[in-house]
Amino acid sequence: MKFIDKQQSKNLLFILPSLLGVCIFVLIPSVDVIRRSFVDAKTHHFAGLQNFVTIFHNHAFLVAAGNTLKFIAVCIPTLMIISLAIALLLTSGIKGGPFFKSAYLFPMAIPVASIALMWRVTFEDHGLLNGILSSLHLGTHDWMHSGFAFWIVVGSYVWKYIGYNVVLWMAGLLAIPKSYYEAAWVDGAGKLKCFFYITLPNMKSMVFIVTILAVLNSFKSFREVYMVAGNYPNQSIYMLQHIFNNWYRELSLDKLSAAAVVFAIVILIFVMLLQKFWASESLKGDL
Amino acid sequence: MDTRVNKFGLLIMCALIILLGACTHEGSSDKQDENKSKDHAAKGRYLETNNSLPQNLKGIYALQKLKDGTIKLVASGKDIPFDVYSSKDRGKSWKKVKASGSIVPPGNDINSAAIDLKGNIVLNYGVHEKSNGAKLSAFKGELTYVKVDTHGKKTKLPISLPSSGKSSDQRVNELSDLKFAANGDLFGTDQNNIIYQIDASTGKIKHTYSSGDVNEYGLVNHSLLIVTGNQVQQYDIRTGKQKQDIDVLNKYLAGAKKSLMIPGNKKDDLYFCNEKGLYHYVLGGNVVEQLADGSLSMLNSGNFTNLAVDSNGNFLVTYKNSDQQPVLKHYTFSKKAEATPSHEITVYTLNDNSTVKQQITKFQSENPNMHVNYEVGVSGKNGESTSDAIKTLNTKILAGKGPDVLILNGMPVDAYVEKGLLADFSDVIDKYTGKDEAFKNIVEAYKTKNKIYAVPIRFKVPILIGSQDALDQIHDLDTMGDYAENDRKAGDKTPLLDIQDPSMLAVKLFPVIAADWFNKDGSLSKSQLTDAFTKLKKIYDASTEHLSKEQLNDYKKKFEYAVNKGDMTKIQYYDGYMDVSNSAPDIAEGRSRLAAGTIGSFDAIAYLSSVHESHHTISYQLLNKGKHYFVPGITVGMSAKSKNQEGAKKFLSYLFSEKAQNIDYTGGFPVNKKQFEKAQAKPSQDTMSDLNMGTNEKITWPDPKQFEAFTSKVETLKTPTYQDDVVSESLFEAFEKCASGKESPHEAANDMMEKLNLYLSE
């Protein structure tokens, strides 16, 4: 009895180099992180679940986790709704569609350091925004050291990734056969009904993909925040990446590993739930 | 057939990929090389040895090998402005050249000198400007140019340069950095960085060379090489015209902190040195050969002043040591010596440290079989922050490639000790404390459970200077705040402290007051913090009420600009204001009533004792005296993962020795008691003149009793001051708002606690 057939063995050979790379750079280090999450960093002895208990009693971790979840909960729906709306507009055949598509992609091309510099110029104490407000006698504000910092990060994230999501949505929208809409128009369906009964159901798999990518991209917003505000920004934008960064600097690898494992489990559950509710039948088959 | 071809093709592709992956595995080839090198170590390198110089030399102005192989030098000695010596044995011994004493009149000093291949000397000299009896670096009026031939006959050279061209600059334009070309012409640079080519017999200007900035220039055969900030330019000295730039030298010379260039024994040979080493280049070539590695010699210090090559192709380099005395080193090629020493250790520091570099250089010269790699975490070249550098270091340590010795300033020492990354080296310290050769109270300040993981090799003392009446009332921050309030009520207009910015006050007092703000569990105490802000505000108001809002704003902008421009943290910038060594005369002259900060040298004791002699009411005491704080200077530790613990311990032991502790730039007092006593010896007249500069007080060197009184205070110190950059930065931010009245002390304390909440709870 053969374990794998000829075709599968050929397939395995093709993916072998990539698989080796993933094993060496991703799987093995991940296993090591899981191992470290059960080991005490000082004594190097098995600590059971102590590290997990420690992080859930750690105020900084709880704040960071809360902020990260809040950021995802606010950013993802905002980004998806706005980018879908723009994609619908662009696919409806407005003038200058290709130009706008490129324009929305432009923020992604701007380097992180330039964005950080833009933030500083705009939101610092003596920055552009305070300068404008001061000239209008509206009083200045310490934007980056107050609750406004969270909304600045949200705005920056949405601004940066909107074009990327627009392109993804447009790919999904253009894949829906026009005949469906034509049939619906013949039956007297309006634009709203077409959207809810044709567009959205056909975009389920795209929603899954866009959501996953948006969540992954949301972690990259740490870079701008770190460059502008350093290791300890305003509490409202203190995210998990900050605490990981600071724990690594202090070599608290036990807490760092335990937090990473918890975070990975949360993401896994989230992806599995998304997959269950949003991935289309065809996508399920492929996966 | 097709299937077989496909399978075969697949197999070949996989095999290629695996092979390529194996080829990039650097670790194994490094190990192979290491094993090879142990068995067949490359031999041959230039060894550095000390050569003696004539006694009592103050400075060396020129060093040159003559056509007949004699080495000649021009120097100044104690009370003798001009002296010439020659050596027929390649710098091992020196003989004074006759009839050189009357060339430069007494009271004059040499500015620059050059020796040609025949032994003729050209120099310029003048009288230094003075202020309050102390010599300044600028010369008064015009300099005199003279030529001294090999018989000692002096001729004046009528060299006259165009004016300096700066309307506000009244100084006469003069030549410096004199050199001779092979054709006998004299070269020199003026104040505008223009190089002049002058006929050495008539003093007439033949050509001028203008290239913007001139870091260094050299003369090889018919070529003049000019090193600017980003290139090495070449000119033909026969025509004065520019030739093609020498791009291959850019990497070594352009942008180097300091370099020296000389022609070699052969026509187109160029020898040059910088901090990285000694090099050889042949004009017109594409290859630069490194002859000596700077990291294995004193070249690393960058304090070289003259370079010469002897008739055997070996080198002589003069340096200025840490006491500003000239030193001569001879570099001789040894075929038997290993190309790189077999024992190697790595010393890591977050920020470049001149004292440590000098100590490494000295250690290597005394231990030629050991090589010390000096690594700097924040080099400033790649825009990395301290945090980034620490993370990179942690990665290296975890990978087993970390340093052996760590300079712990700015590093998370507690975390490293907790995680077992630092090794105990109490056996090294016991050697010194056992023989009472080190201040036990300082070196064992970090001792925990009979183990020592971190030790300061230098320290500063936080003091408060003021009238005896004030010192009797002030013991800590509370009493200083009360004194400030009473002072204001009494209507005294003299500023309490000489400060112009809230952060300046915070920096001065933070190290000695911060520890009181923390509860036993490590959290901040709100009441203590609020109290501290209240007192600090009172002190700040009493020190700045004589300044208007506009003046305070101007100071604020000036300091912010300086901090941003220097790309440093506030505590790094304001560190310069911590030193109160020369503040005692300011108090005597009524510029402020108190001075708070640190002292790190015996010059401070000179100021304090001299002012006390003339104004008996002015004295000093330890700042926050009940706690017996000291400020750790350079703190060292040893990595527990070091592969060469023996070598690391040897180096650490050397750092505490009298020889090593003799070197210092700004780190503070030495912990070695012998060196501590030696440093109390009366300095030179020049140093005393410098101490008297800028003050109306007469500063004299203290007598032994005054030093004894200070030493007994030092022996009571036992607690290192609180050091945490995150806490201090948040203090500066919060106190600025409190000091300007934007927030009350209570609000500022809340602000600071909110900011530190996350940091402390991590």
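Conventions we followed
Residues numbered from 1 in each chain as written. Chains lettered and ligands numbered in written order. Predicted model: local features only at pLDDT ≥ 70, side-chain atom pairs only at ≥ 80, totals over all residues. Heavy atoms only, no water. Pairing = 2+ DSSP bridges. Helix = DSSP H or I, 4+ residues; strand = E, 2+ residues; numbered from the N terminus. Axes fitted to C-alpha atoms, helices over the stretch in contact; angles between N-to-C directions. Parallel < 35°, antiparallel > 145°, perpendicular 65-115°, else oblique. Left-handed = near helix turned anticlockwise from the far one by under 90°. Contact = heavy atoms within 4.5 Å. Nonpolar A, V, L, I, M, F, W, Y, C, P; charged D, E, K, R; others polar. 1 Å grid on protein atoms, 1.4 Å probe; cavity = no way out; pocket = protein on both sides within 12 Å on 5 of 7 lines; lining within 4 Å. Points joined across faces, edges and corners; volume = space filled by probe spheres on them. Domains from an automatic or database assignment. Core = buried A, V, L, I, M, F, W, Y, C linked by side-chain atoms within 4.5 Å. Buried < 20%, exposed > 50% of the residue type's maximum accessible area, 1.4 Å probe, protein only. pLDDT = per-residue confidence, 0-100. Lys, Arg positive; Asp, Glu negative; His and termini not counted. Salt bridge = Lys/Arg side-chain N within 4 Å of Asp/Glu carboxyl O. Patch = residues over 30% accessible without salt bridge, like charges linked within 9 Å, V, L, I, M, F, W, Y side chains within 5 Å. Areas by Shrake-Rupley, 256 points an atom, 1.4 Å probe, with all protein chains shown as cover.

A. Region of interest: the sheet that holds strand β1 (residues 43–51) of chain B. All names here are of chain B. Read across the sheet, 4 strands follow the order β1-β24-β23-β22 without closing on themselves; strand pairing throughout is antiparallel. At either end of the open sheet lies a strand with only one pairing partner, and these are β1 and β22 (304–309). Averaged over neighbouring strand pairs, the angle between their axes works out to 25° when direction is ignored.

B. View of the sheet that holds strand β21 (residues 288–293) of chain B. Residues and elements named next belong to chain B. Read from one edge of the open sheet, 4 strands run β18-β19-β20-β21, paired in antiparallel fashion. The outermost strands of the open sheet, each flanked by one partner alone, are β18 (260–263) and β21. Put simply, the sheet's adjacent strands are angled 20° from each other on average, direction ignored. Where β18 and strand β19 (residues 269–274) come together, 4 bridges link them in antiparallel fashion. For Met 261, the partnering residue across the bridge sits in β19 and is Phe 272.

C. Molecular detail of the packing of helix α11 (residues 502–513) of chain B against helix α22 (residues 725–739) of chain B. All names here are of chain B. Packing of α11 against α22 brings their axes to within 9 Å, and their N-to-C directions diverge by 135°. For the element pair α11 / α22, the angle class is oblique. For the crossing formed where α11 meets α22, the hand is right-handed. Each of Pro 502, Ser 503, Leu 505, Ala 506, Val 507 and Phe 510 in α11 lies in contact with α22, whose residues at this interface are Val 727, Ser 728, Leu 731, Phe 732, Phe 735, Glu 736 and Ala 739. When its residues are assigned to classes, the contact of α11 with α22 shows 10 nonpolar, 2 polar and 1 charged.

D. Molecular detail of empty space enclosed by the protein. Residue and element names in this part refer to chain B. Taken as a whole, this structure holds 5 cavities of 30 Å³ or more when the rule is applied. There is about 90 Å³ of room inside the largest cavity. Forming the boundary of the largest cavity are 14 residues, of which Asp 476, Leu 477, Met 480, Leu 623 and Asn 624 lie nearest the centre. When contributions to the lining of the largest cavity are tallied by element, the ones reaching two or more residues are α10 (477–490), α11 and β32 (618–622).

E. Looking closely at the domain arrangement of chain B. The domains assigned to chain B are domain 1 (56–210), domain 2 (357–457 + 636–661) and domain 3 (459–516 + 525–631 + 680–724). For domain 1 of chain B and domain 2 of chain B, the distance between their C-alpha centroids amounts to 45 Å.

F. Fine view of the nonpolar core. Residues and elements named next belong to chain B. Counting residues in hydrophobic clusters, the biggest one holds 72 residues, and the most contacted among them are Leu 509, Trp 517, Phe 533 and Phe 735. Top contributing element to this core by residue count: α11, with 8 residues. If sequence neighbours within four positions are ignored, Phe 533 has contacts with Leu 731, Ala 734, Phe 735, Cys 738, Pro 745, Ala 748, Ala 749 and Met 752.

G. Summary view of the confidence of the model for chain B. Residue and element names in this part refer to chain B. Mean pLDDT over chain B: 86, with 91% of residues reaching 70 or higher. Helix α2 (residues 26–39) is the least confidently modelled element of chain B, averaging 41 in pLDDT, while strand β27 (residues 405–407) averages 96, the highest of any element. Long-range and interchain partners of residues 21–39, a stretch whose pLDDT sits below 50, account for 0 contacts in this model, where long-range means more than four residues apart. Scoring of the predicted complex yields 0.78 for pTM and 0.83 for ipTM.

H. Summary view of the side chain of B:Asp269. All names here are of chain B. By the secondary structure assignment, Asp 269 is in strand β19. Lys 266 provides the closest opposite charge to the buried, unpaired Asp 269, separated from it by 5.3 Å. Those residues in contact with Asp 269 that lie beyond four places of it in its chain are Val 220, Ile 262, Pro 263, Gly 264, His 280, Tyr 281 and Val 282.

I. Up close: a nonpolar patch on the surface. A grouping of A:Leu20, A:Val22, A:Ile24, A:Phe25, A:Val26, A:Leu27 and A:Ile28 is seen on the molecular surface, where their side chains present a nonpolar patch of about 660 Å² in accessible area. Tracing the backbone shows A:Leu20 in helix α1 (residues 6–36).

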